[in-house]
Amino acid sequence: MSLDRVMGEGYFTTTVDALTKWGRANSVWPMPMGLACCAIEMMAFAGPKYDAARFGSEVFRFSPRQSDVMIVAGWCTYKMSHAIRRVWDQMPDPKWCIAMGACASTGGMHRCYGVVQGVDNFLPVDYYISGCPPRPESIINAILKIQDKIKEQQSLKLDS
Amino acid sequence: MFQSDSNISRKKPTYFREHQEALYKSLEDKHATVEVDHSDPLATRMTLNMGPQHPATHGVLRVLMELDGEVITKCRLDTGYLHRGIEKMAENKTYQEFMPYTDRMDYLSPYSNNVALCLAVEKIANMEIPERATYIRMICCELSRISSHLLWLGTMIMDAGALSFFLWTFREREKLYDIFDEVAGHRFTVSHSRIGGVNNDFTPVAEEKIRKFIREFPDELKGWHKILDRNRIFVDRNNGVGAIGHVEGIAIGLAGPSLRATGIAYDIRTFEPYMLYDQMDFMVPTRTEGDNLARYYCRMEEMAESVRIIEQCFEKMPKKGPIRVDDAKKSYPSKDEVYYSMEGLIHDFMMTDTGICPPAGAECYHAIEAPKGELGFYIQSDGTGHPWRLKINSPSFSNLQGLETILDGEMVADTVVVIGGLDPVMGDSDK
Amino acid sequence: MNIEIRDNLLQDIREFMGEDLLEMNLEYTHPLLRIKRDRLHDACRFLKNTLHFIYLNEIIGTDRFTSEDRFEVIYHLISLRNRQRLFLKVRVEEEYPVLPTVTDFWKSANWNEREVFDMFGIRFEGHPDLRRIFLPEDFKYYPLRKEFPLLGVPGSLEMPNTTPDHD
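Residues numbered from 1 in each chain as written. Chains lettered and ligands numbered in written order. Predicted model: local features only at pLDDT ≥ 70, side-chain atom pairs only at ≥ 80, totals over all residues. Heavy atoms only, no water.

When helices and strands are counted, chain B shows 17 helices and 9 strands. Each of the 431 residues in chain B was classed as buried or not, and the buried ones make up 61%. Sequence separation of 24 or more characterises 68% of the internal contacts of chain B that already satisfy a separation of 6 or more. Summing over all exposed atoms, chain B offers an accessible surface of approximately 15,900 Å²; the carbon and sulfur share of this is 53%. (Helix = DSSP H or I, 4+ residues; strand = E, 2+ residues; numbered from the N terminus. Buried < 20%, exposed > 50% of the residue type's maximum accessible area, 1.4 Å probe, protein only. Contact = heavy atoms within 4.5 Å. Areas by Shrake-Rupley, 256 points an atom, 1.4 Å probe, with all protein chains shown as cover.)

Counting across every chain of the model gives 28 aromatic pairs over all chains. With a centroid separation of 5.4 Å and 90° between ring planes, the pair formed by Tyr113 of chain A and Phe148 of chain C is classed as edge-to-face. Of the two residues, Tyr113 of chain A is situated in the loop between α4 (101-106) and β4 (127-129) and Phe148 of chain C in the segment after β7 (123-125); the pairing between them involves two chains. In this structure, Tyr113 of chain A and Phe148 of chain C share a single accessibility class: buried. Put simply, the rings of Phe165, Trp168, Phe213, Phe217 and Trp224 of chain B touch in pairs and so form one group of aromatic residues. Stacked on the ring of Trp152 of chain B, the Lys or Arg Arg299 of chain B has its end atom at 5.1 Å from the ring centre. For Lys146 of chain C, the ring lying beneath its charged end belongs to Trp388 of chain B, and the centroid distance is 3.8 Å. (Phe/Tyr/Trp six-rings, centres within 6.5 Å; stacked < 30°, edge-to-face > 60°. Lys NZ or Arg CZ within 6 Å of the ring centre and 35° of its normal.)

It is worth spelling out helix α14 (residues 342-353) of chain B at this point. Residues and elements named next belong to chain B. Between the first and last C-alpha of α14 there are 16 Å, a value that for 12 residues agrees with the 16 Å anticipated at 1.5 Å per step. Among all positions in α14, only Gly344, Asp348 and Met351 are buried. The buried residues of α14 occupy an angular sector of 65° when projected down its axis, which confines them to one face. Opposite the buried face of α14, at more than 90 degrees from it, the exposed residues are Met342, Glu343 and Phe349. For α14, the secondary structure elements touched by its buried residues are α13 (335-340). By the N-cap criterion, in which a side-chain oxygen at the helix start approaches the backbone nitrogen of a residue two or three places on, α14 is capped by Ser341, the distance to Gly344 being 3.0 Å. Remark: Gly355 follows α14 within two positions and exhibits a positive phi of approximately 80°. (Expected span 1.5 Å × (residues − 1). Arc of directions from axis to C-beta. Polar contact = N/O pair within 3.5 Å; in protein donor to acceptor, adjacent residues only side chain to side chain.)

This brings us to the interface of chain C and chain A. Every contact between the two is made by 15 residues of chain C and, on the other side, 12 residues of chain A. When chain C packs against chain A, close to 1,200 Å² is buried across both sides, 71% of that on carbon and sulfur atoms. Its largest share of buried area at the contact with chain A, chain C owes to Leu151, Met159 and Pro160 of chain C, together 41% of the area lost on that side. Put simply, chain C and chain A have 0 salt bridges between them. Inspection of the chain C/chain A interface yields 2 residue pairs in polar contact (both at pLDDT 80 or more). Residue composition of the side of chain C that touches chain A, grouped by class: 12 nonpolar, 2 polar and 1 charged. (Buried area = accessible area lost by both parts, 1.4 Å probe. Salt bridge = Lys/Arg side-chain N within 4 Å of Asp/Glu carboxyl O. Nonpolar A, V, L, I, M, F, W, Y, C, P; charged D, E, K, R; others polar.)

What follows covers the nonpolar core. A general trend in soluble globular proteins is that nonpolar side chains are found buried together. Within the largest apolar cluster, 210 residues are counted, with the highest numbers of intra-cluster contacts made by Met70, Val72, Ile84 and Leu123 of chain A, Tyr296 and Phe377 of chain B together with Tyr75 of chain C. Here this core takes 15 residues from helix α5 (residues 131-160) of chain B, the largest share from any one element. Excluding anything up to four places from it in sequence, Ile84 of chain A contacts Met33, Leu35, Met70, Val72, Cys76, Phe122 and Leu123 of chain A. Counting 21 residues, the second-largest nonpolar core is a separate cluster that includes Phe60, Val69, Ile140 and Ala142 of chain A. (Core = buried A, V, L, I, M, F, W, Y, C linked by side-chain atoms within 4.5 Å.)

Empty space among the atoms becomes apparent when a probe as large as a water molecule is rolled across them. The full count for this structure, using the stated rule, is 7 cavities of 30 Å³ or more. By volume, the largest cavity amounts to about 60 Å³. Forming the walls of the largest cavity are Lys123, Glu363, Cys364, Tyr365 and Tyr378 of chain B together with Asn25, Glu27, Tyr28, His30, Leu32 and Phe87 of chain C. For the lining of the largest cavity, the element with the most residues is strand β7 (residues 363-370) of chain B, which contributes 3 residues. Looking at side-chain class alone, the lining of the largest cavity contains 6 nonpolar, 2 polar and 3 charged residues. (1 Å grid on protein atoms, 1.4 Å probe; cavity = no way out; pocket = protein on both sides within 12 Å on 5 of 7 lines; lining within 4 Å. Points joined across faces, edges and corners; volume = space filled by probe spheres on them.)

Looking now at a nonpolar patch on the surface. On the surface, Met342, Leu345, Ile346, Phe349 and Met350 of chain B cluster together into a nonpolar patch covering about 530 Å² of accessible area. Tracing the backbone shows Ile346 of chain B in helix α14. (Patch = residues over 30% accessible without salt bridge, like charges linked within 9 Å, V, L, I, M, F, W, Y side chains within 5 Å.)

Here Asp428 of chain B shows up in helix α17 (residues 426-430). Not counting residues up to four positions away in its chain, the partners in contact with Asp428 of chain B are Met105, Asp106, Leu375, Ser394, Pro395 and Ser396 of chain B.

Let us look at the sheet that holds β4 of chain A. Residues and elements named next belong to chain A. Strands sit in the order β1-β2-β3-β4 across an open sheet of 4 strands; the sheet is parallel. At either end of the open sheet lies a strand with only one pairing partner, and these are β1 (30-34) and β4. Across this sheet, the average inter-strand angle for adjacent strands is 20°, counted without regard to direction. Alignment of strand β2 (residues 69-73) against strand β3 (residues 96-100), held across 5 bridges, turns out to be parallel. The residue bridging Met70 from the neighbouring strand is Cys97, located in β3. Here helix α2 (residues 37-46) sits on the sheet in contact with β1, β2 and β3, set at roughly 135° to β2. (Pairing = 2+ DSSP bridges. Axes fitted to C-alpha atoms, helices over the stretch in contact; angles between N-to-C directions.)

What follows deals with the interface of chain C and chain B. Across the contact, 56 residues belong to chain C and 57 residues belong to chain B. Around 4,600 Å² of area is buried between chain C and chain B when both sides are counted, 54% of it from carbon and sulfur atoms. Among the residues of chain C in contact with chain B, Tyr28, Trp111 and Phe134 of chain C are the three that bury the most area, contributing 19% of the side total. Between Glu248 of chain B and Lys107 of chain C there is a salt bridge; the shortest N-O distance is 2.7 Å. Listed by contribution, the elements that provide at least two residues to the side of chain C that touches chain B are β3 (55-63), β4 (71-79), β5 (84-92) and α3 (109-120) of chain C. Top contributing element to the side of chain C that touches chain B by residue count: β3 of chain C, with 8 residues. The class makeup of the residues in the side of chain C that touches chain B is 26 nonpolar, 15 polar and 15 charged.

What follows deals with the sheet that holds strand β8 (residues 373-381) of chain B. All names here are of chain B. Pairing within the open sheet is antiparallel, and its 3 strands lie in the order β7-β8-β9. The open sheet terminates on both sides in strands that have one partner only, identified here as β7 and β9 (387-393). Between one strand axis and the next, the sheet turns by 15° as a mean value, whatever way the strands run. By the bridge criterion, 8 bridges tie β7 to β8 in an arrangement that is antiparallel. Bridge pairing in β8 links Ile368 to Leu375.

What follows covers the side chain of Asn25 of chain C. Here Asn25 of chain C shows up in strand β1 (residues 21-25). For Asn25 of chain C, a relative accessible area of 17% gives the class buried. A polar contact of 2.9 Å, which involves the side chain of Asn25 of chain C, links it to the backbone nitrogen of Glu27 of chain C. Sequence-distant contacts of Asn25 of chain C, that is, excluding residues within four places in its chain, are made with Glu363 of chain B together with His30, Pro31 and Leu32 of chain C.

Right, dumping it as structure tokens:
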């Protein structure tokens, strides 16, 4: 936050843009697109030990309308890809996408006829997490990286 | 939803415009949510589509229901949203290479799947496993059964409306993850079992952690029993819901706890004892009601039985001993051998390159009692290191098939509870 | 598994099938029997009603990749009363891959037959709802046949397009 000048006690000035970015970055609500094994680690990420709520990812929203970042967790088949794309299209802007795990990023070990070799074939992915499945720490890291991206690259001007 | 009507401003949406139009057109008839029948004035009949992206379908199951008011008159399941062709991949891998894929089948209990594959390959290649390795496998299998049932408990009750249970069961699951982390090096896709034994022995820390867990877990379980068994909301939500009799249960091929809840004590651990389960003293919990509450009791009691089995394993387990077959033609040599001897290195290379070659034309089936039911591998060998055909008999597939029948005549609101009670895993069912 | 009961059961089957029992494999304790294709319905009725194999666990399809009798369909049956498993095989030729359905004996054959149809293209006559189970209907190939490549046929399965954002 740009805290330019403190004008007496209880005042500070900032730009609307910075305030919005601060608010957005600290309330990234994930849309869990849980497909396969990574979904279980994603649940662990939301669960008691790793506690995603500490980083502003307060609740998992199963409705695309209420979420900011989609975590694609697991291998994505051709049959499922249409549904994922459709959910992604229903999410309001601005939105971000995390490809969680090797399968979602590149197809991973599932190099076979049924699996799309990486969800970036049809989704604009912002962050790839390696691992099969990744540990919850890496998902927290990804969320923090998304927050950085929001703070650095997002602007109200892009919203129109 | 994006609309292309002319009177609506064409300014929105801002991106992927042509694509969205084409996409929505292609998806329109496939993914309709509610279709109201206009010939019916009260509009009581409708087709409801649930999934494939739905929080309560445990993955990517799609359920199409024909409703009369709130009652489901007909129900069809659409599976295959996770179908990646695991059996095709098996034909292109050596047996050991295929093992990590089994982790990703039923990803709630990966250790059981590893063991199921290893036992099937060991059976077709005629191998004898050291005793200590068998005990390690049994302990880990039972731990993974507890782990799977814990997730079932958390999500099933979450589907029924209580979120806190999910947090409590996940706390216990984290303890199990720690154990597996210590034993095998990963939280849940462990790939710890090897054809011919296991990868490494328990470390003292791991053993201590398991002992601590089985000491503390029964109390936790008792607490959950206390909170649920006489909980009016929980019992009313589950009693008589999704009920099925034992005749119908057999006919539609239910598996595991769902079948045992109808009164049929079909458990591979006693039906056809594998590993050393014939030396263990345990009970196969059954109920006769066949409804969701009965499934709940069966699974809860199974967890208690698992703890008992682990205790007995620790008692009977030899304190020291080999953990892998000492035959370099059939199993990986130990890492010490690989690093310090030429033969070891060659054998390691050969095992990775060719693997175990069962006799040509041999075919066999081996099943274990996975947490969800009978998990079997049917292997046909052509004498090379790759299976000619490997068929997975997955319990979730059998249970989901039963779901179509079970859901007939149920209320639409009970769908999520019934799915939660059957506990299907789509990675397992979709192969 | 009780070997004595198993042998008694096999004796019964041998008597019932006679010449039509083509092959019997007892190498790995579970009996694998191969019968003539025409007698499948008879054999199933006999196994279910007389020998009490009431639980059909799975149906396995295999591709033998030979010029005649290319496909093999294996029925995995369980008798809970006698604690026995049995594998019943029939072979199907490539030109006319059709078998009679067993859904009238075991309801659980429904999805299993659909799976065999999806993977191998073997059709089951009289099946109530023979659709592909895993792959979409518009997929034209049968993936577990040996000639199908592991990576699939490019373009056989549709993927959502992505076009760049113009605005």
